[in-house]
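So the chains spell out like this:
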Amino acid sequence: MAVINRIAEFHDEIKGWRRDIHAHPETAFEEERTADFVAEKLAEFGIQVHRGLAKTGVVGVLDGQSNASGRAIGLRADMDALHIQELNGFDHRSRHDGKMHACGHDGHTAMLLGAAKYLAETRNFDGRVTFIFQPAEENEGGGRVMVEEGLFDQFPVEAVYGLHNMPGMPVGTVSLRSGPAMAAFDIFEIVVTGKGTHAAMPQLGIDPIVTGAQIVSALQTIASRRTAPMDSVVVSVTQFHAGDTWNVIPETAVIRGTVRSFKKETQDRMEQDIQRMARAICESQGATMTLRYERRYPALVNSEAETGIAAAAAARVVGEDKVVNGAEPLMGSEDFAYMLQAKPGCYVWLGNGTEGGPGGCAVHNPHYDFNDDIAVVGASYWATLVEQVLPR
Ligand SMILES: [Zn+2]
Ligand SMILES: [Zn+2]
């Protein structure tokens with residue numbers, strides 16, 4: 001591996017930042033302390049700091065030793081934590097009850113700060129780097145809000161790059177793919193209204209539980225019967241709430257879940273399919289229903305040229321044989337997709353460690369921890385990307 005030696009020299013410092021952020025997790029749009037921390041560090045490195053986009057977003061702007069090219073690229077990290085009660089016992093465990101950095105955004109923030117420190121010291125590039133620290137990646141679309149509030153108007157860039165740690169992939173490996181890489185993310189809520197009655201006299205009511213169970217079953221056919229086999233869709237029912245006691249058929253049942261897809265046409269069809277199936281089943285039982293359907297994140301699509309650029313930078317750091325260009329897409333979702341709708345760019349996965357070892361625990365698990373051993377690799381990737389894209 002050819003990590004940047006100067007970055008390796010301050011590995012302990014990056015680790016310290018990472019653990020400090022881990023111990024103080026903050027969720028969507030409340031990343032006040034984290035944003036202060038990031039802004040303070042950037043200013044300390046001599047980087048121009050802008051605040052206020054998407055409430056807690058922080059943007060750092062750094063020019064190279066020269067800016068004759070007039071070119072600029074954006075590097076993005078996410079700062080938010082999750083609503084999870086951490087079950088780790090180590091010293092840097094969460095100090096905030098019910099909140100936890102279980103997706104490694106603490107590591108993403110620390111790695112981008114590490115790259116910023118190095119790039120501010122060396123400025124061995126021609127052009128401008130915009131460091132984007134966004135809030136609310138999980139569920140709430142802080143990246144979308146930053147774009148809507150004028151991120152790329154205020155800080156124009158020709159391309160934007162992102163990365164995410166990936167448990168299950170060995171330390172010192174990178175994977176990526178051109179084209180659709182992560183799925184679009186929608187949510188739905190179906191409220192079935194029947195007629196409540198005594199459980200021993202079902203003929204006097206309309207049972208929303210039996211009706212709802214049929215809906216849950218029918219939704220499984222959207223992926224298996226309504227979608228082309230080579231297209232990819234997930235329809236997962238994740239909540240079913242109905243009833244309070246043994247001997248009452250309740251009045252209503254609430255079914256919630258998520259839909260993942262890649263193609264715009266497929267995503268468009270999902271809402272219609274769910275609506276039609278749920279309504280037909282309710283009608284057949286004499287029940288009524290309402291559907292709330294929300295499109296959260298679009299599919300994440302990497303542009304071809306920038307994927308090549310990212311792969312080359314990664315290969316420089318971890319070696320050609322440790323880069324998988326053409327990885328399988330993931331059905332997970334990312335609000336970096338909004339930045340990639342606005343600008344060309346590429347999002348890569350960085351190995352966090354394999355199962356059983358450090359960094360092997362899956363993200364969103366209460367035992368997860370970002371693997372500090374990959375921090376120098378990630379920061380070196382960022383710095384190398386800048387020096388390769390904006391050569392002096
Ligand atoms: Zn996550
Ligand atoms: Zn994440």
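Structure's up top.
Our subject in this report is the structure included herewith. (Residues numbered from 1 in each chain as written. Chains lettered and ligands numbered in written order. Predicted model: local features only at pLDDT ≥ 70, side-chain atom pairs only at ≥ 80, totals over all residues. Heavy atoms only, no water.)

1. Looking at the side chain of Lys 117
When you line up the elements, Lys 117 lands in helix 4 (residues 105-122). Ignoring anything within four residues of it in the chain, the contact list for Lys 117 reads Arg 6, Phe 10, Glu 13, Trp 17 and Phe 45. (Helix = DSSP H or I, 4+ residues; strand = E, 2+ residues; numbered from the N terminus. Contact = heavy atoms within 4.5 Å.)

2. Observations concerning the coordination of the zinc ion (ligand 1)
In this structure, Cys 103 (SG), Glu 138 (OE), Glu 138 (OE) and His 364 (NE2) serve as the protein donors to the zinc ion (ligand 1), at separations of 2.0 to 2.7 Å. On the primary sequence, the residues serving as donors to the zinc ion (ligand 1) are separated as C-x34-E-x225-H. The metal-metal distance between the zinc ion (ligand 1) and the zinc ion (ligand 2) is 3.2 Å, with Cys 103 coordinating both. With Cys 103 in the loop between strand 3 (72-78) and helix 4 and Glu 138 in the loop between strand 4 (128-134) and helix 5 (142-148), the pair connects residues that are 35 residues apart, well separated along the chain. (Donors = N, O, S within 2.8 Å, 3.2 Å for Na, K, Ca; no water.)

3. Quick look at helix 2 (residues 11-23)
Spanning 13 residues, helix 2 covers 18 Å between terminal C-alpha atoms, matching the ideal 18 Å at 1.5 Å per step. Within helix 2, the full set of buried residues consists of His 11, Ile 14, Trp 17, Arg 18, Ile 21, His 22 and Ala 23. Looking at the buried positions of helix 2, the neighbouring elements they touch are helix 1 (5-9), helix 3 (32-44), helix 4 and helix 11 (375-389). (Expected span 1.5 Å × (residues − 1). Buried < 20%, exposed > 50% of the residue type's maximum accessible area, 1.4 Å probe, protein only.)

4. A word on the coordination of the zinc ion (ligand 2)
Looking at the zinc ion (ligand 2), the protein donor atoms are Cys 103 (SG), His 105 (NE2) and His 164 (NE2), and they sit 2.1 to 2.3 Å from it. One chain supplies every donor for the zinc ion (ligand 2), spaced along it as C-x1-H-x58-H. When its relative accessible area of 7% is taken as the criterion, Cys 103 is described as buried.

5. As for the nonpolar core
Ranked by size, the top nonpolar core spans 67 residues in total, and within it Ile 7, Leu 75, Phe 131, Phe 133, Tyr 161, Tyr 381 and Trp 382 carry the most contacts. Of the residues forming this core, the biggest block, ten residues, is contributed by helix 11. Residues Ala 54, Val 145, Met 146 and Ala 181 belong to the second largest nonpolar core, which totals 24 residues. (Core = buried A, V, L, I, M, F, W, Y, C linked by side-chain atoms within 4.5 Å.)

6. Digging into the sheet that holds strand 16 (residues 345-353)
The strand order across the open sheet built from eight strands is 1-2-4-3-5-16-6-15, with neighbouring strands paired in mixed fashion. On the outer flanks of this sheet lie strand 1 (48-51) and strand 15 (323-325), each paired with one strand and no other. Going from strand to strand, the sheet's axes swing by 20° on average, the running direction of each strand aside. Most of the contacts of helix 3 go to strand 1, to which it runs at about 160°, and overall it touches strand 1, strand 2 (58-63) and strand 4. Docked against the sheet, helix 9 (residues 304-318) engages strand 5 (159-167), strand 6 (174-176), strand 15 and strand 16, running at close to 165° with respect to strand 15. (Pairing = 2+ DSSP bridges. Axes fitted to C-alpha atoms, helices over the stretch in contact; angles between N-to-C directions.)

7. A short note on the packing of aromatic side chains
In this structure the tally under the stated criterion is six aromatic pairs. Consider the rings of Tyr 381 and Trp 382, whose centres lie 5.4 Å apart with planes at 40°: the pair is tilted. Exposure class is identical for Tyr 381 and Trp 382. Each is buried. Through successive ring pairs, a cluster of aromatic residues spans Phe 185, Tyr 297 and Tyr 338. Positioned above the aromatic ring of Phe 37, the side-chain terminus of Lys 41 is 5.5 Å from the ring centre. Note that Arg 144 overlies the ring of Tyr 338, its terminal NZ or CZ placed 5.9 Å from the centroid. (Phe/Tyr/Trp six-rings, centres within 6.5 Å; stacked < 30°, edge-to-face > 60°. Lys NZ or Arg CZ within 6 Å of the ring centre and 35° of its normal.)

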